[in-house]
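Chain by chain, the residues:
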Amino acid sequence: MGIQKKHPASWKTVPNLLNYADVVANFSWNTIRNELQGLPEGRGINIAHEAVDRHAGGPLRDHVALQWLGSDGAERAFTYDDLKRLSNRFANILKELGLGKADTVCALAGRIPELYIAALGVFKNTSVFCPLFSAFGPEPIFQRLSRGDAKLLLTTERYYRQKVSQLMGDLPLLKHVLLVDAPDHLGDDLLSLPRLMAASSDTYLIPPTGAEDIAALHFTSGTTGIPKGALHVHSAALTHYMTGKYVMDFHPEDVFWCTADPGWVTGTSYGIISPLLHGITNVVDEADFDAVRWCRILASRKVSVWYTAPTAIRRFMRMGLEPVREYDLSQLRLIHSVGEPLNPEAVLWGLKAMGLPIHDNWWQTETGGIMIANFPAIEIRPGSMGRPLPGIEAAIVKRSGKDSVTVIEADGVQGELALRPGWPSMFRGYLHDAARYRKCFLGGWYLTGDLAKRDADGYFWFVGRADDIIKTSGHMVGPFEVESVLMAHPAVAEAGVIGKPDPLIGEMVKAFVALKPGFTPSDALRLELIGFARKKLGSAVAPKEIDFTPDLPKNKAGKIMRRLLKARELGLPEGDLSTLEESE
Ligand code: AMP
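Think of each chain on its own: its residues are numbered from 1, step by step along the sequence as written. Local features in a predicted model are, by the rule used here, given only for residues with pLDDT of at least 70; side-chain atom pairs are given and counted only at 80 or more, and totals for whole chains, interfaces and linings are based on all residues. Hydrogens are left out, water is left out, and the side-chain values use all remaining heavy atoms of the structure.

## Some details on the overall build of the protein
The way it works is that DSSP assigns letters per residue, a run of H or I at least four long becomes a helix, a run of E at least two long becomes a strand, and they are numbered from the N terminus. Within the protein one finds 18 helices and 27 strands. In terms of its C-alpha atoms, the protein occupies a principal-axis envelope of roughly 70 × 60 × 55 Å. For each residue, the accessible area found with a 1.4 Å probe, counting protein chains only, is set against the maximum for its type, and the residue is called buried under 20%, exposed over 50%, and partly exposed in between. Residues classed as buried in the protein amount to 60% of the 584 residues present. The criterion used for residue contact is that any of the two residues' heavy atoms lie within 4.5 Å. Taking the contacts inside the protein whose residues are at least 6 apart along the sequence as the reference set, 69% of them involve residues at least 24 apart. The average position of the 64 basic charges and that of the 67 acidic charges among the side chains of the protein differ by 2 Å. Here Asp and Glu are counted as negative and Lys and Arg as positive; His is not counted, and neither are the chain ends. Charge positions are represented by NZ for Lys, CZ for Arg, CG for Asp and CD for Glu.

## Quick word on helix α5 (residues 113-124)
The end-to-end C-alpha separation of α5 is 17 Å, in line with the 16 Å expected for twelve residues at 1.5 Å each. In terms of burial, α5 is largely enclosed, as eleven of its twelve residues are buried. With its phi angle positive at about 55 degrees, Thr126 sits one or two positions after the end of α5. Expected helix span is given by 1.5 Å per residue-to-residue step, counting one fewer step than there are residues.

## Description of the packing of helix α3 (residues 47-56) against α5
To obtain each axis, a line is fitted to C-alpha atoms, and for helices this fit is confined to the stretch in contact; angles are then taken between N-to-C directions over 0 to 180 degrees. Relative orientation of the contacting elements α3 and α5 amounts to 125 degrees, with a least axis distance of 8 Å. Relative to α5, the element α3 lies oblique. Our pair here, α3 against α5, has a crossing hand that is left-handed. Taking contact as the criterion, the partners of Ile47, Ala48, Ala51, Val52 and Asp53 in α3 are, on α5, Leu120, Phe123 and Lys124. In these notes the angle categories are as follows: under 35 degrees is roughly parallel, over 145 is roughly antiparallel, 65 to 115 is roughly perpendicular, and the rest is oblique. For any pair of crossing helices, the crossing counts as left-handed if the nearer helix is rotated counterclockwise from the farther one by less than a right angle, and right-handed if it is rotated clockwise.

## Brief notes about the sheet that holds strand β13 (residues 334-337)
When DSSP finds two or more bridges between two strands, those strands count as paired. Read from one edge to the other, the open sheet built from nine strands follows the order β2-β1-β11-β10-β12-β13-β14-β15-β16, with strand pairing classed as mixed. Of all the strands in the sheet, just β2 (75-79) and β16 (387-388) have a single pairing partner and so form its edges. Pairing of strand β12 (residues 305-308) with β13 involves four bridges; the strand directions are parallel. Bridging across to β13, Thr308 finds its partner in Ser337. Lying on the sheet, α5 is in contact with β1 (64-69), β2 and β11 (281-285); it crosses β2 at an angle near 20 degrees. Packing against the sheet, helix α11 (residues 291-300) makes contact with β1, β10 (255-258), β11 and β12, and its axis sits at approximately 160 degrees to β11.

## Here's the deal with the domain arrangement of the protein
Note that the domain bounds reflect an automated or database-derived domain assignment. Taken domain by domain, the protein consists of domain 1 (8-453) and domain 2 (469-570). Here domain 1 and domain 2 have C-alpha centroids that lie 32 Å from each other. Domain 1 puts 19 residues into the contact, and the matching count from domain 2 is 21 residues. Values labelled buried area give the accessible surface lost by two parts on being combined, using a 1.4 Å probe and summing over both. Counting each side, the surface lost to burial between domain 1 and domain 2 is near 1,700 Å², with a carbon and sulfur contribution of 59%. Salt-bridge detection follows one rule: a side-chain nitrogen of Lys or Arg within 4 Å of a carboxyl oxygen of Asp or Glu. Our count for the contact surface shared by domain 1 and domain 2 stands at three salt bridges. Among the ionic pairs, Asp551 bridges to Arg318, the shortest N-O distance being 3.8 Å. Pairing of N or O atoms within 3.5 Å defines a polar contact, subject to two protein rules: one partner must be a possible hydrogen donor and the other a possible acceptor, and residues neighboring in sequence count only if both atoms are side-chain atoms. Put simply, domain 1 and domain 2 have two residue pairs in polar contact (both at pLDDT 80 or more) between them. Every element with two or more residues in the side of domain 1 that touches domain 2 is listed here: α12 (310-319), α14 (344-354) and β21 (445-454). No other element matches the three residues that α12 contributes to the side of domain 1 that touches domain 2.

Quick look at the structure:
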């Protein structure tokens, strides 16, 4: 039923987690804390010290920390020592501009080196790093700058002119804009980063940093309403380190590539912090998705651990196997995926195309780091998110009354995925929204808003968002289940499933399907797909209607926007579309 791994003893690299039960039983966050260093003289714990300065002061000083690939073919490599000195300069700039502890610094820039240096400098200065996705339009940028109380924005001249300058009058707290590509200052508060960097010192003493000091502010993607700003603390580094060790399975010689944009939480927790905590080389590609370019990067940069997302994998799948097989991916030893359901076909595609299965893992902005994963040394169950991390207690619960939840002990029963609060990277609040934060906790659990099931061996299976679930003829149907089955049909590239209100059966399961190249929409194919799904799912669950569409709408994080499919289907207003992916 699952994908068994070769015996770990035969692996070139022995995995950090060999025996799940043992590691879970003996786990303690104190032990993880002791694998980090802490600021000298007991002055606390600071993410940037653990990620950079600690290595720069030891044998990894000249090891490449950041391997940057520009979209125009340029390349830059930064050692741990380079990163230490550059982030010191940035921290000094913040200090001189009067920014300190708890002041929010936003970054609206693509995947450019300055963004990574700034993030580390912000952590050093105990200010709060808040990345913004550079493809946002002015409205979501405004919401985040203003809800986030941004005091300083790091951006480029182009983004400033296109998206920010017109907002400045309504952002009284935003005192400074640093332009990464302006050779000279353009005004009192519109400053040239290169000039300031050149003039500032490359030594900096990190101030005392409490484990509970706020380090980052991540706005959730906005598919579930107005953006919520999740606050994360410096001790989150313990989760980033621990998951780097047990899920990513980092080893000193690794070259890691996380394809997520730092505008989203994955791009910060795993695109910046986790690999640096482990002192390895972190690849950053400035360009957008391009399957051929990505194959070339995997091969030429000798990437050994790759963290990507289902949408990217599905795009690869469309390309077919042959183009991928042309590349020498012999250095690659682990592929991980996150962010949305990873269909079993995608897991198996990894095996066929790259010789490696894809390991799905689950977490969300609020959890700050990976909570559930398919571990490298352990059987993968395709379609499952895996098992909880050591130190993480997960359960399937049912809300029972206003103030309590009941834990569902039985296997295979659908309920809400809940986590026992207390892991270090758990969000500490929604900025300015204490009530919303409190509502996330019930009966001693943090409720994730996701629906899932757990099997007899403790693997968790994603069903859907609590608000995406379909009720049809009294039966609960998870859209993901239906989409997975449709995707198993050879003609289907992608599928999105919604509940369409129906006067007779409550909601009818409706599917929107994008076909693979070489297939054309027809009534015959529609009937075939309905029959195929009915056979696999039963008539109560299978879609009753299928619409063909050239492409499914996705947000910038690559998630299929069922919300939008539903709105379009019902002729309702489409809402904020700024996170929508343009069609290919
Ligand atoms: P975000 O906070 O934007 O990172 O989105 C988190 C949400 O993405 C989760 O609550 C899930 O609904 C979804 N998600 C993340 N990882 C997975 C996964 N491996 N499988 C299914 N859904 C996922």
